[in-house]
There are 4 protein chains.
Amino acid sequence: MPNPLPQDPPDRQSRQDSQDPAATRARQRLPADVRNRQILDAALAVFSERGFEAARMDDIAARAGLSKGGLYAHFRSKDEIFEALLRRALSPSDLDLAALRAASPDMRHFAEAFVNRLYDDLMRPDALAVQRLLVAEGARIPHLTAQWQHDTVEALVAQLKRVLARCVAEGNCRAGVATRHPWLLLAPVAYQVLWQLVFGKADDAALQSRRREHIALVRELLA
Amino acid sequence: MPNPLPQDPPDRQSRQDSQDPAATRARQRLPADVRNRQILDAALAVFSERGFEAARMDDIAARAGLSKGGLYAHFRSKDEIFEALLRRALSPSDLDLAALRAASPDMRHFAEAFVNRLYDDLMRPDALAVQRLLVAEGARIPHLTAQWQHDTVEALVAQLKRVLARCVAEGNCRAGVATRHPWLLLAPVAYQVLWQLVFGKADDAALQSRRREHIALVRELLA
Amino acid sequence: MPNPLPQDPPDRQSRQDSQDPAATRARQRLPADVRNRQILDAALAVFSERGFEAARMDDIAARAGLSKGGLYAHFRSKDEIFEALLRRALSPSDLDLAALRAASPDMRHFAEAFVNRLYDDLMRPDALAVQRLLVAEGARIPHLTAQWQHDTVEALVAQLKRVLARCVAEGNCRAGVATRHPWLLLAPVAYQVLWQLVFGKADDAALQSRRREHIALVRELLA
Amino acid sequence: MPNPLPQDPPDRQSRQDSQDPAATRARQRLPADVRNRQILDAALAVFSERGFEAARMDDIAARAGLSKGGLYAHFRSKDEIFEALLRRALSPSDLDLAALRAASPDMRHFAEAFVNRLYDDLMRPDALAVQRLLVAEGARIPHLTAQWQHDTVEALVAQLKRVLARCVAEGNCRAGVATRHPWLLLAPVAYQVLWQLVFGKADDAALQSRRREHIALVRELLA
DNA sequence: TATGAATGAGGCTTCATTCAT
DNA sequence: AATGAATGAAGCCTCATTCAT
């Protein structure tokens, strides 16, 4: 599985570059929240690349720039890191479709803005990493997935339904399957996500084409 | 993660229903291909439920009705079981869209037959189990996923494209985004698959509705 | 460790060469003593090459031309094979130094005959294999080594002492350390044996030279 | 096989003689090189007693005073311990025969000093343990045995040859087989070593006699 | 006798977690 | 807070032995 998180592990030797001899010898003591973020970033990479069981605390530690034992100053266990990681990753989205619609004079423009937003949110490497984790290890955090389903995924469909209803009422959208069952408008991203998760990286050009085709579909269904 | 494979593990005691006390104690010596199938069935269940690393050879053995050591008379390692499992699961599909189209007088009927076939192929519990493995552990068998992508997934889209082209040529289908980019017609199943993989089992009624909505979409796009 | 036992494992396919269709299918049922010898030969090779623990019943069986289970028709356990093997290998030598002396008119001739006999007995590949086993695994069969020490090794030194005493009495040998402590006359073979066991095969030419030097030593000590 | 290494395993409880109850419970965290030495000492005992395969990591760990897992903080595998062990044991000897000769006014004295040194080097329990390993498991470390053969064994014979040549030149030694083929002067130790390896411990008195007989042989050959 | 699938005990190794420093 | 040696609980795999055929 290609590692979808290309950020470099912090170089453990780079501390030594400092000219300060005290700092050279001193252990790196960073503010807790910075360390926390480093650890969760590292954990996302490792968990997604290897899965929960195969991920080793050593790997996470190394990528986060500290030692295995050091992790335990910040998290009590591997499970706790995993949960914290997904809690952060699944924090409710701030996508406001009504605002997006308001900002988009005509429907064709909205279709584009909307689909672009979907791809930007879901097809980024770290978003794909999270989705891989949800598929592979979601059973470890049923409360979080359930909450995310309710607060984010279903909320998005509900928002979309309201926006489309108003669009139809205003005579700007054609009523049809898509306005009655708006999830169908999201389906193509799901197809792309699944493709990426199973087959790994498609080239960017192909992704752009698929995105444009998705936009065209939305336009055709709502025009 | 809800176990998507409800079939019971062969109960090792259930053989003892026999009245023959000798048979009660007898070791099972089965033909190699039968054992093979039992083992791969068991492995699919366990791997999909837990992932590769967390899967225990003990569990697979118990589910297959033999001892841990016994597995090694049939497969040389956990990895080999995994690969054999996916090799079997990803054997090329025999879906023949042209035949399906021929059997379906009108386009509306074809849409239904086609979508039903998709759901029957992809939403069965064991098919979902395989797809979960592809997402979670596909990196272990890149050659198999690549071959499956080429032989099955892309072949399906190509078939679909040919069928739709003829349909358009015959005047039975409307040309549109969907006929130009047939993957869009598949996207809703992907959405459903991803939903199942992430959120676990939706009730059957809901699934039926989504399937019907998918059919309606296809009809609207091709009518 | 180079395998000091070059004899080929019996080819398991060679049974099929028979034109007799019955025999072709029939399992090879050999006279018990033939099988026995095959098994012990195979066992000597495998035990010496790998040591007792690392030797696998499968390997012994394969080299003996039957299946693992088949071994158990002839021996009850791995230990039993090992003991039978050493019992056979350590059966008392028939070396008769008095006869050798009688056959050797002068002392110089006796020295040569005697040393040659030592090398022929102790430096053959299978004799070295046995000696390796005695060093590596002798603790498994203390009764056999003790008996061999008494019946063969010390008996040889005692024989030699008697022969040399008579030789001195006859005025054919010079009295000296060697006639008082005849083990010193044997020591050079021990050196060669140890060398072979530790460093593996020396070339034949080198061995011949060492043997001649040994003879020269004996002559110098007794002349 | 009689354990040739009588040193006691460090008793993990014996530290508790301390009156400090805190120390009683404390984990031992020793300097790496100390642990290293403890482990290799333990390994020599266990490997020599049982052979490589039959040696248990558990036993080595217990004898070294830590847990099985703890071994792996210092060595990556059983093989690595074995190699490190022999690398240490086979480090080139510092025996300097020329110096020994210089320190020994007459030849008779040199013979004694030289033979004593041989026995002190080769007949100590741990030296015998190493030699047993070389015979039983030398195939695992062919590079080390080859190097030892060259750097130590053959170097010794070469040194001896030079010393004897000068001794002859000075008129202090009689020229003979032994001065031409000095390995013959070493042979009696080989006999003793092989005897010990095969028959286990002879009593000390017997060993002393054999040593004196060896010295007498050397004197007789060189006088 | 011979076969080889099956068993079950046990070994090497890994790794989350702890803790002395 | 940080380190890393140490622990101890598994897990994968091997292999002597058994036994149905």
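Residues numbered from 1 in each chain as written. Chains lettered and ligands numbered in written order. Predicted model: local features only at pLDDT ≥ 70, side-chain atom pairs only at ≥ 80, totals over all residues. Heavy atoms only, no water.

(A) Representation of the interface of chain A and chain B within the structure. Each partner contributes to the interface: chain A provides 42 residues, whereas chain B provides 43 residues. Buried area between chain A and chain B, both sides added, is near 3,800 Å², and the carbon and sulfur share of it is 73%. Per-residue buried area on chain A facing chain B is highest for A:Val135, A:Trp183 and A:Tyr191; these three make up 18% of the total on that side. B:Arg174 serves as the salt-bridge partner of A:Glu220, at 3.2 Å between the closest nitrogen and oxygen. For the pair chain A and chain B, the interface holds ten residue pairs in polar contact (both at pLDDT 80 or more). Of all the secondary-structure elements, those providing two or more residues to the side of chain A that touches chain B are helix 8 (125–137), helix 9 (142–169), helix 11 (183–199) and helix 12 (204–222) of chain A. Top element by residues in the side of chain A that touches chain B is helix 11 of chain A. It accounts for 14 residues. Per-class residue counts for the side of chain A that touches chain B are 27 nonpolar, seven polar and eight charged. (Contact = heavy atoms within 4.5 Å. Buried area = accessible area lost by both parts, 1.4 Å probe. Salt bridge = Lys/Arg side-chain N within 4 Å of Asp/Glu carboxyl O. Polar contact = N/O pair within 3.5 Å; in protein donor to acceptor, adjacent residues only side chain to side chain. Helix = DSSP H or I, 4+ residues; strand = E, 2+ residues; numbered from the N terminus. Nonpolar A, V, L, I, M, F, W, Y, C, P; charged D, E, K, R; others polar.)

(B) Just the packing of helix 7 (residues 107–122) of chain A against helix 11 of chain A, in detail. All names here are of chain A. At their nearest, the axes of helix 7 and helix 11 sit 10 Å apart, and the two run at 30° to each other. By the angle class used here, helix 7 and helix 11 are roughly parallel. Between helix 7 and helix 11 lies a crossing whose hand is right-handed. Contact residues: Phe-114, Leu-118, Tyr-119 and Leu-122 in helix 7; Leu-186, Pro-188, Val-189, Gln-192 and Val-193 in helix 11. A class-by-class count of the residues in the contact of helix 7 with helix 11 yields eight nonpolar, one polar and no charged. (Axes fitted to C-alpha atoms, helices over the stretch in contact; angles between N-to-C directions. Parallel < 35°, antiparallel > 145°, perpendicular 65-115°, else oblique. Left-handed = near helix turned anticlockwise from the far one by under 90°.)

(C) Main features of the protein's contact with DNA strand F. In the vicinity of DNA strand F, 40 residues are found, and the nearest of them are A:Ser67, A:His74, B:Tyr72, D:Ser67 and D:His74. In the interface set of DNA strand F, defined as its atoms within 4 Å of the protein, sugar plus phosphate atoms amount to 66%. In this structure, B:Arg29 approaches DNA strand F through a side-chain N or O atom, which is 3.0 Å from a base nitrogen. A distance of 2.3 Å separates a phosphate oxygen of DNA strand F from a polar side-chain atom of D:His74. Counting only elements with at least two residues in the surface near DNA strand F, the list comes to helix 4 (68–71) of chain A together with helix 4 (68–71) of chain D. For the surface near DNA strand F, the element with the most residues is helix 4 of chain A, which contributes three residues. Its residues placed into classes, the surface near DNA strand F shows eleven nonpolar, twelve polar and 17 charged. (Near = heavy atom within 4 Å.)

(D) Highlighting the environment of A:Gln159. All names here are of chain A. Assignment of secondary structure puts Gln-159 in helix 9. Excluding residues that lie within four positions of it along the chain, Gln-159 makes contacts with Leu-95, Asp-96, Leu-97 and Ala-98. Engagement of the side chain of Gln-159 in a polar contact is seen with the backbone nitrogen of Leu-97, the distance being 2.7 Å.

(E) Molecular detail of the relation of the copies chain C and chain D. Structural alignment of chain C on chain D gives an RMSD of 0.1 Å, achieved by rotating through 180° and translating 0.0 Å along the axis. Overall, the copies show the geometry of a two-fold rotation axis. By residue overlap, the copies meet face to face through one surface: 100% of the interface positions of chain C are interface positions in chain D. (Least-squares fit on C-alpha atoms with pLDDT ≥ 70 in both.)

(F) Examining the protein's contact with DNA strand E more closely. The environment of DNA strand E is made up of 42 residues, and the closest members are B:Ser67, B:His74, C:Ser67, C:His74 and D:Tyr72. Taken together, the sugar and phosphate atoms account for 65% of what DNA strand E places within 4 Å of the protein. Here B:Arg35 contributes a side-chain N or O atom positioned 2.8 Å from a phosphate oxygen of DNA strand E. Here a phosphate oxygen of DNA strand E sits 2.4 Å away from a polar atom, N or O, in the side chain of B:His74. Mapped onto the surface near DNA strand E, the elements with two or more residues apiece are helix 4 (68–71) of chain B together with helix 4 (68–71) of chain C. Here the residues of the surface near DNA strand E are counted per class, giving eleven nonpolar, twelve polar and 19 charged.

(G) Inspection of the UniProt feature "DNA-binding region" (unreviewed entry) in chain A at higher detail. Feature annotation in UniProt assigns "DNA-binding region" (unreviewed entry) to the following positions: residues 56–75 of chain A. As annotated, residues 56–75 of chain A comprises 60% helix and 0% strand, and the C-alpha atoms at either end are separated by 14 Å. (UniProt positions renumbered as here; feature names shortened; annotations may be inferred.)

(H) Local environment of the UniProt feature "domain: HTH tetR-type" (unreviewed entry) in chain A. The positions UniProt marks with the feature "domain: HTH tetR-type" (unreviewed entry) are residues 33–93 of chain A. Helix makes up 69% of residues 33–93 of chain A and strand 0%, with an end-to-end C-alpha separation of 22 Å.

(I) A look at the pattern of salt bridges. Throughout the structure, instances matching the rule amount to 58 salt bridges over all chains. Between C:Arg56 and C:Asp59 there is a salt bridge, with the nearest N and O atoms lying 3.4 Å from each other. For C:Arg56, a relative accessible area of 48% corresponds to the partly exposed category. Between D:Asp120 and D:Arg211 there is a salt bridge, with the nearest N and O atoms lying 3.5 Å from each other. Of this pair, D:Asp120 sits in helix 7 (residues 107–122) while D:Arg211 sits in helix 12 (residues 204–222); the two residues are 91 residues apart in sequence, bridging distant segments of the chain. The class of D:Arg211 is buried, set by a relative accessible area of 16%. (Buried < 20%, exposed > 50% of the residue type's maximum accessible area, 1.4 Å probe, protein only.)

(J) Structural detail: the relation of the copies chain A and chain B. For the pair chain A and chain B, the best superposition has an RMSD of 0.2 Å and corresponds to a rotation of 180° with a translation of 0.0 Å parallel to the axis. In this assembly, 100% of the residues forming the interface of chain A have copies in chain B that are likewise at the interface, indicating an isologous arrangement.

(K) Just the state of the cysteines, in detail. Residues and elements named next belong to chain B. In the structure shown here, the tally under the stated rule is four disulfides over all chains. Put simply, Cys-167 and Cys-173 are joined by a disulfide, and their sulfur atoms are 1.8 Å apart. On the S-S bond that ties Cys-167 to Cys-173, the torsion sits near 75°, and the link is right-handed. Residues Cys-167 and Cys-173 agree in their burial class; the two are buried. (Disulfide = S-S within 2.5 Å.)

(L) Quick look at the domain arrangement of chain A. Residues and elements named next belong to chain A. Along its sequence, chain A is carved into domain 1 (10–76) and domain 2 (91–222). Averaged C-alpha coordinates put domain 1 and domain 2 at centres separated by 35 Å. With six residues of domain 1 at the contact, the number on the domain 2 side is seven residues. Carbon and sulfur atoms make up 69% of the surface buried where domain 1 meets domain 2, a total of about 540 Å² over both sides. The three residues of domain 1 that bury the most area against domain 2 are Leu-44, Ser-48 and Phe-52, which together make up 80% of that side's buried surface. Taken together, the connections running from domain 1 to domain 2 amount to zero salt bridges. Linking domain 1 with domain 2 are one residue pair in polar contact (both at pLDDT 80 or more). (Domains from an automatic or database assignment.)

(M) Local environment of the side chain of C:Ser104. Position of C:Ser104 among the secondary structure elements: in the loop between helix 6 (97–103) and helix 7 (107–122). For C:Ser104, the contacting residues outside a window of four places in its chain are C:His109, C:Phe110 and C:Ala113.

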